[in-house]
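# Architecture and fold: a report
One-letter residues, chain by chain:
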Amino acid sequence: MPNRSRTAVVTGASQGIGKACAVGLAQAGWNTVFVGRNVAALQAAMAEADADQAAVMSVQCDVSKPDQVEALFDAVIRKFGRIDLLFNNAGISGPGGTIDEIPLDGWEQTVAVNLNGAFLCARAAFSRMRQQQPQGGRIINNGSIAAHAPRPRTVPYAMTKHAITGLTKCLALDGRDFDITCSQIDIGNVRTEMTVPMTRGMLQANGEYKAEPVFELQQVVEAVLFMANLPPEANVQFMTVMASKMPFIGRG
């Protein structure tokens, strides 16, 4: 039986990267909290983990709502007593177009989920990690290749992901006094439901549409597990995991 002495919270755990990483953490012996808005999908994800029911839980939560985020972390403390890892993963792609074509409600929704949600979850996790004994924990923010280089016509997404880099750096600095580490994983072209269009053709900086290579989700799971399992005195500040031939480095 695994030694389930550590607890992980994964947001956006009902599908894609979040689901795969939550399942991977549960299977690797972590108490794991699956967080998302779709209850049925969360339950299905937990079943896929095939873990002891005492070691997993699901919490319906809209990460853009402060009261729901606080209730989430209170529930985790009640069940498991502490929080050792937050995988701050929930996010949306947001509307596309040049900046004058972006609807304001689409911009506000993207900021609410990708930026406010990441801030609120990090804030709640940081507070509990600071107060618990033994003190400390780890926060892994899901950035993106877009945190470094945007795709054409993706202003809301690229802006929020650039901001995640600032959050990561600030938390890594501010967490030192409390043994809280913070890192960021930037993922490019992993195969999920959201990246199916990449294999068909994506707009490039030169105006062409080209199919792009993707890589398998298990490699992201292994990367997150590596970061999560580091001792408190070590940290991967930034990790880029990408399809080797995706158009990112140099001119593609």
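Keep in mind that this is a model prediction, so the values were computed, not measured.

The biggest cluster of nonpolar side chains holds 40 residues, and the ones touching the most others in it are Ile17, Leu25, Phe34, Phe87, Ile140, Ile185 and Val220. Listing elements by their share of this core, those giving two or more residues are strand S1 (7-11), helix H1 (16-27), helix H2 (39-49), strand S4 (85-88), strand S6 (180-188), helix H6 (217-228) and strand S9 (238-242). Of the residues forming this core, the biggest block, eight residues, is contributed by H6. For Val220, the contacting residues outside a window of four places in its chain are Ile17, Cys21, Ile187, Val190 and Phe215.

A word on the pairing of strand S2 (residues 31-36). For S2, the tally of buried residues reaches six of six residues, placing the bulk of the element in the interior. The alternating pattern of S2 places Asn31, Val33 and Val35 and Thr32, Phe34 and Gly36 on opposite faces, both of which are buried. Here S1 pairs with S2 via five bridges, running parallel. Bridged to Thr7 within S2 is Asn31. Regarding topology, H1 serves as the crossover connection from S1 to the parallel S2, and that connection is right-handed. When S2 meets strand S3 (residues 56-60), the two strands line up parallel, connected through five bridges. Among the inter-strand pairings, Val33 is bridged to a residue of S3, identified as Met57. One crossover worth recording links S2 to the parallel S3 by way of H2, and it is right-handed.

Leave glycine aside and you will find that most residues have negative phi; peptide bonds, for their part, are mostly trans. Following Gln133, the chain continues into Pro134 via a peptide bond in cis, with omega recorded as -5 degrees. One can find Pro134 in the loop between helix H4 (104-131) and strand S5 (137-142). A positive phi angle, close to 55 degrees, is found at Asp50, a residue other than glycine. Position of Asp50 relative to the elements: it lies in the loop between H2 and S3. Using a relative accessible area of 69% as the deciding quantity, one classes Asp50 as exposed.

Let's shift gears to the packing of aromatic side chains. Evaluated as defined, the whole model comprises one aromatic pair. Judged by centre distance (5.9 Å) and plane angle (80 degrees), the ring pair of Phe126 and Phe178 falls under edge-to-face. Highlighted residues: Phe126 in helix H4 and Phe178 in the loop between helix H5 (155-174) and S6, separated in sequence by 52 residues. The same class applies to Phe126 as to Phe178, namely buried.

Definitions and limits used
Residues numbered from 1 in each chain as written. Predicted model: local features only at pLDDT ≥ 70, side-chain atom pairs only at ≥ 80, totals over all residues. Heavy atoms only, no water. Core = buried A, V, L, I, M, F, W, Y, C linked by side-chain atoms within 4.5 Å. Buried < 20%, exposed > 50% of the residue type's maximum accessible area, 1.4 Å probe, protein only. Helix = DSSP H or I, 4+ residues; strand = E, 2+ residues; numbered from the N terminus. Contact = heavy atoms within 4.5 Å. Pairing = 2+ DSSP bridges. Right-handed = clockwise from strand over helix to strand, strands pointing away. Phe/Tyr/Trp six-rings, centres within 6.5 Å; stacked < 30°, edge-to-face > 60°.

Keep in mind that these numbers describe shape and distance, not what the molecule does.
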